[in-house]
Structure formats: C-alpha cells, structure tokens
Amino acid sequence: MILTVTPNPSLDRTYEVPGLDRGEVVRASGERMDPGGKGVNVSRAVAAAGAPTLAVLPLGGAPGALVAELLDGQGIKVAPVPVEGHTRSNIALAEADGTLTKINAPGPELSSAEAQLLLSVVGEQSAGADWIACCGSLPRGLEPSWYAELVARAHAAGARIALDTSGPALLAALRERPDVVKPNAEELAEAVGRPLATVGDAVKAAEELRELGAVAVLASLGADGQILVDASGAWFASAPVDAVRSNVGAGDSSLAGFLIAGGEGPKALASAVAHGAAAVQLPGSAMPTPRDLRPDAVRLTSEVPVDRALKEPVR
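In this text, all values refer to a predicted model and were calculated from it rather than measured experimentally. (Residues numbered from 1 in each chain as written. Predicted model: local features only at pLDDT ≥ 70, side-chain atom pairs only at ≥ 80, totals over all residues. Heavy atoms only, no water.)

So, the nonpolar core
Grouped burial of nonpolar side chains is what soluble globular proteins tend to show. Using the following cut-off: As used here, the term nonpolar core means buried Ala, Val, Leu, Ile, Met, Phe, Trp, Tyr and Cys residues forming a set that is joined through side-chain atoms within 4.5 Å. Only protein chains enter the accessibility calculation, which uses a 1.4 Å probe; a residue whose area is less than 20% of its type maximum is buried, one above 50% is exposed, and one in between is partly exposed. Between two residues, a contact is recorded if the distance between any of their heavy atoms is within 4.5 Å.
Within the largest apolar cluster, 54 residues are counted, with the highest numbers of intra-cluster contacts made by Trp 146 and Ile 227. Filtering out sequence-adjacent residues up to four positions away, Ile 227 remains in contact with Val 199, Ala 202, Val 203, Ala 206, Val 217, Leu 218, Ala 219, Leu 221, Trp 235, Phe 236 and Leu 269. In terms of nonpolar packing, the next biggest core, distinct from the first, is built from 27 residues, Ala 237, Ala 268, Ala 270 and Val 298 among them.

Right, here's the structure in full:
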C-alpha cells in the first residue's frame, strides 16, 4: 500500500483551448475537473494501476469537500485532516500545441495545531504502508523543516519515504535521509545552485543530493527522459512520445510507477518512464491505466549519455 501526503491539495480545473490570446474571449474545446496536488495525483495514478493507496490531506470548505468526493468516486481512500481555511482551486489552460499555462492559488494558512494534527494523522494511517510519498509545496503556516520532521517520524516507525518537493523544504529534509527524492530538472538545478546543460550535469547534481543525505535520486529531465542515481550507480531511461497533450501530473504519475514497481533499481526506473510517457499523452491531469502503458518502448541503460545536451537546459 502506498500512502500519500499532500500538505497543500487543490481542486484543479483544466480547459483545453486552441490558443491563448491575452485580453480576448477564449472558448474551450474541452474541460475537466480533478482533485489536485502532487500527492493526490500519485494516489490517483496508483489507483489507476489497480494498486491500493490512501491519501492523507488537509481539507477545508466547499472545495475541500469536493476534492474528497472526487477521490471517493475514483475509489481512493481518504484520511482528511479538517482545517479552517478553504482548499485552493487551481486553473490550467492546455493549448493545442502542448503549451500549458497554470494558475495556482496559494491555499489556506495552517495553524500550528493543524500542522501537528497532519503529522499525527500520517503516523496513525501509516501502519502497513510500503511507502509514504510526501509530495508538493508546503502551505502557508508550515515551516520548511516540516517535511524533515515527517521523514524522521516515518523512519522511526520503519516506513520508507519518497519525497517530491523543492527549495528549502527539500534541502531541510535531506538531513533525515529520505529513501528517494524526485526533483525535475529545474528543482535539481535549484538544489545545487547551478545550471544544467547536459545529462551528465544532471547526474552530478543528483550525486550531490545523495552526498547531502538522499539515499536515491529519481530525476525527471523532461523530453530527455529520467535518471536514477543510487548506491549502485546511475541509470538512464527514455521513451518515445507521439504527441504531448498535457504534462499536468506526469511527474506524479512517474513517481507512482516507480513506487508500484518496488521503488528501487532499474526496473522501477523503467516503470516510472513508462508511466510518465503515457501521462503526457492524456488530457488534463488524467492518470494512465495499464492499457495506456508501453513498457516495451522504454529504452534503459547503465551507460548514461553524459555528454548529451538537454533539449530543455536549465539556465
């Protein structure tokens, strides 16, 4: 069972539009509404794969109630933590050429009591969990050290932790040795404080995160693929994509695929890439089911192409 923790969940509305012209009326060709937040998306991807999951998240107001209702409709168990503020509502505009414009609301400010209650509920619900996936930004009211405390508590209880966050929250949590961290290229560059121009640059940055405490680093490099760096070395994997429809939740789907496949080693990396490639070809933040996956199309190697220039370098 994979338990997910989403400190700042959302209600996500995605509109498919032919193009985006500022100041003009834009008519959507399609729309969808989904429960959102990185951890929520991981739970949705795990459930879509037919595996058990439980989502722990603070919920408040009418948007929070709708998030819980939508998750329940997808067969996902929810352990809600009631908060006084209202759960945020986000908007995504997906253009026909694959360009995505996102408007993310700040979300509620959690009190110190609500922050501690969230930690307590995670502890209460984590019995029997194979992995605890802690994902996304921290809401107002939670200090950057909040994830570090969660990782420490989870390890004390014998659980494995996957962490997908960025900035000070990521750096603070590294000292507690999360079992795997999952940055994208921009977050990886931010963590080491320098640009990334090649796959080799990304590998070196991942190695530095391991030196700071991460047991393993699963890094998404966008259209270039993904790398996994752990105690055994480095692996690189990629998969062809016919057409990008929406990249909302693709990284979360990748993390779900990694954890479903055991959460370590090249087999899990291949699963992560297959899930991510499938997700970007689906509308909005839809998560892939087994019939959407093309595992045979994944190219996996331990001979990492360190000199390959990134298609989307981080300046």
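With respect to the pattern of salt bridges
For clarity, the cut-off: A pairing counts as a salt bridge when a side-chain nitrogen of Lys or Arg comes within 4 Å of a carboxyl oxygen of Asp or Glu. Comment: elements are numbered from the N terminus, with helices defined as DSSP H or I runs of at least four residues and strands as E runs of at least two.
Summed over the entire model, instances satisfying the criterion amount to 9 salt bridges. Residue Arg 44 pairs with Asp 34 through a salt bridge whose shortest N-O separation is 3.5 Å. Of this pair, Arg 44 sits in helix H1 (residues 38-48) while Asp 34 sits in strand S3 (residues 30-36), and the two are 10 residues apart along the sequence. Asp 34 sits in the buried class, given a relative accessible area of 2%. Between Arg 294 and Asp 242 there is a salt bridge; the shortest N-O distance is 3.8 Å.

Focus: the pairing of strand S4 (residues 53-59)
The following threshold applies: The pairing criterion for strands is at least two bridges between them, as found by DSSP. By the criterion used throughout, a crossover qualifies as right-handed when its path from the first strand across the helix to the second strand runs clockwise, the strands pointing away from the viewer.
With 7 of 7 residues buried, S4 is to be regarded as a mostly interior element. By the alternation rule, side chains of S4 split into Thr 53, Ala 55, Leu 57 and Leu 59 and Leu 54, Val 56 and Pro 58, which are all buried. Direction of pairing for strand S1 (residues 2-5) relative to S4: parallel, over a ladder of 4 bridges. Paired with Val 5 across the bridge in S4 is Val 56. In the sheet, S4 pairs with strand S5 (residues 77-82) via 6 bridges, with the strands oriented parallel. Within the sheet, the bridge partner assigned to Val 56 lies in S5 and is Ala 79. A crossover connection joins S4 to the parallel S5 through helix H2 (residues 61-73); in handedness this β-α-β unit is right-handed.

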